[in-house]
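# Commentary on secondary and tertiary structure
Here's the letter readout for the chains.
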Amino acid sequence: MIAVTGATGNTGRELVNALHSAGEEVLAISRTPATFPEGVTHVAADLTRPETLPLEGVDTLFLLMEGDPEAVLRHAKGVDKIVLLSSQGAGTRPGPYRHAVVFEEALRAWDGDWTILRPGGFNSNAFAWAGTIGESRTAHAPFGDVGLPTIDPRDIAEVAAVTLTQGGHTGAIYELTGPELTTPRQRAATIGDLLASPVRFVEQTPEEARAAMLQYMPEPVVTSTLQILGTPSAQEQRVSGDVESLLGRAPRPFADWAARNIEAFRGTGA
């Protein structure tokens, strides 16, 4: 059985669906109740309380970075394979992303088959614009003309499904990106094109963006995230070939993600 933690998230739900469609026995784990396709078992549990994780009979685990990695791994008795959803920041900015580094180090020392996935920015971060685009056809973000190769969570999920169900990935660390650099201004324009209603891009100052991000992110991560958004390194702007090598096709462009999720932005318009 394959257990998927974070099963209601942008990546987790896509992964549950992919595994179920492939005929795998899936245990979906999330903090809150949720509805999944018939045949998928769902259990409410919390990674910060590993004793709540129902891992009996589970041999393969998709793991998010939450809670104490040592405690989670101690609880994962009987699990043979773990695929960890980490972060590109573990490699490019290990100081601010120390939590990701600690998780990766714990997994490397674990006595089992492991694989680490390091995605960069998610296309689904654009959901932060759903309210303002829906209400006034505006999108707010800093560094409007700095490009990054953000990735579709569905591609992350499909890579995860491959590494969970196929051999040959033990000890591998995959960096996952989209197919091209896109800027916040371009992503907002793409959403406007799909709505057939132009979206006005409003560039935030770094200070405005920091104040907003501090409401839900710790300060070191906010600082590092703003650096990635404003002055990314060459590695952070590099388009990785890992998605294509694992899936046999190029990663999906931002427009593909936006088209699938366009109803979230429609709102009342302006």
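Reference entry: report on the structure contained in this document. (Residues numbered from 1 in each chain as written. Predicted model: local features only at pLDDT ≥ 70, side-chain atom pairs only at ≥ 80, totals over all residues. Heavy atoms only, no water.)

### Quick notes on the overall build of the protein chain
- Along the backbone of the protein chain there are 13 helices and nine strands.
- Scaling as 2.2 N^0.38, a compact globule of 270 residues should have a C-alpha radius of gyration of about 18 Å, and the protein chain matches this with 19 Å.
- A total accessible area of about 12100 Å² is found for the protein chain, and carbon and sulfur atoms account for 51% of it.
- Averaging the positions of the 21 positive and the 33 negative side-chain charges in the protein chain gives two centres separated by 4 Å. (Helix = DSSP H or I, 4+ residues; strand = E, 2+ residues; numbered from the N terminus. Rg over C-alpha atoms; globule rule 2.2 N^0.38 Å. Areas by Shrake-Rupley, 256 points an atom, 1.4 Å probe, with all protein chains shown as cover. Lys, Arg positive; Asp, Glu negative; His and termini not counted. Charge placed at Lys NZ, Arg CZ, Asp CG, Glu CD.)

### Observations concerning empty space enclosed by the protein
- Summed over the entire model, instances satisfying the criterion amount to one cavity of 30 Å³ or more.
- Space inside the largest cavity adds up to approximately 30 Å³.
- For the lining of the largest cavity, the residue count by class is three nonpolar, three polar and two charged. (1 Å grid on protein atoms, 1.4 Å probe; cavity = no way out; pocket = protein on both sides within 12 Å on 5 of 7 lines; lining within 4 Å. Points joined across faces, edges and corners; volume = space filled by probe spheres on them. Nonpolar A, V, L, I, M, F, W, Y, C, P; charged D, E, K, R; others polar.)

### Here we look at the environment of G144
- With respect to the secondary-structure elements, G144 resides in the loop between β7 (138–142) and α6 (153–165).
- For G144 and T182, which are 38 residues apart along the polypeptide, the C-alpha to C-alpha distance reads 9.9 Å.
- In this structure, G144 is in contact with T183, P184, R185, F201 and E203, ignoring residues within four places of it in sequence. (Contact = heavy atoms within 4.5 Å.)

### Notes on the layout of surface pockets
- Here the second largest pocket is characterised by a volume of approximately 160 Å³.
- Lining the second largest pocket are 14 residues; nearest its centre among them are G9, N10, R13, E14 and N261.
- At the level of secondary structure, the elements contributing two or more residues to the lining of the second largest pocket comprise α1 (10–21), α6 and α12 (254–260).
- Among the elements that take part in the lining of the second largest pocket, α1 stands out by supplying four residues, more than any other.
- Across the lining of the second largest pocket, the residue classes tally to three nonpolar, six polar and five charged.

### Looking at the environment of V43
- Mapped onto the secondary structure, V43 falls in strand β3 (residues 41–44).
- With a relative accessible area of 24%, V43 lands in the partly exposed category.
- The spatial distance from the C-alpha of V43 to the C-alpha of P94 is 33 Å, given a sequence separation of 51 residues.
- Every residue in contact with V43, bar those within four places of it in the chain, is listed here: L27, A28, I29, S30 and P54. (Buried < 20%, exposed > 50% of the residue type's maximum accessible area, 1.4 Å probe, protein only.)

### Side note on the sheet that holds strand β4 (residues 60–63)
- Pairing is parallel in the open sheet, where seven strands are placed in the order β3-β2-β1-β4-β5-β6-β8. Since the sheet does not close on itself, it has two edges, and those belong to β3 and β8 (172–176), each with one partner. For this sheet, the mean angle separating the axes of adjacent strands, direction not counted, is 15 degrees.
- Looking at chain direction, β4 and strand β5 (residues 81–85) are connected through four bridges and run parallel. Its bridge partner lying in β5, L63 is registered against L84.
- In this fold α1 packs onto β1 (2–5), β2 (26–30) and β4, with an angle of close to 160 degrees to the strand it touches most, β1.
- Here α6 sits on the sheet and contacts β1, β4, β5, β6 (113–119) and β8; the angle it forms with β5, its principal contact strand, is near 160 degrees. (Pairing = 2+ DSSP bridges. Axes fitted to C-alpha atoms, helices over the stretch in contact; angles between N-to-C directions.)

### Comments concerning unusual backbone geometry
- Phi is positive for R137, close to 55 degrees, though the residue is something other than glycine.
- Topologically, R137 is positioned in the loop between α5 (130–136) and β7.
- The class of R137 is buried, set by a relative accessible area of 9%.

### Quick notes on the nonpolar core
- Residues V4, L15 and F62 are the most contacted members of the largest nonpolar core, which totals 49 residues.
- For this core, the leading source of residues is α6, giving six residues.
- Grouped together as the second largest cluster of nonpolar side chains are 16 residues, I133, A139, I191 and F201 included. (Core = buried A, V, L, I, M, F, W, Y, C linked by side-chain atoms within 4.5 Å.)

### Observations concerning the packing of aromatic side chains
- What the rule picks out here adds up to four aromatic pairs.
- Here F127 and F265 contribute two aromatic rings whose centre-to-centre distance is 6.1 Å and whose plane-to-plane angle is 10 degrees, an arrangement assigned as stacked. Highlighted residues: F127 in the loop between β6 and α5 and F265 in helix α13 (residues 263–266), separated in sequence by 138 residues.
- Centroid distance W257 to F265: 6.1 Å. Interplanar angle 75 degrees. Geometry classified as edge-to-face. (Phe/Tyr/Trp six-rings, centres within 6.5 Å; stacked < 30°, edge-to-face > 60°.)

Shape is all these values report; function is a separate question.
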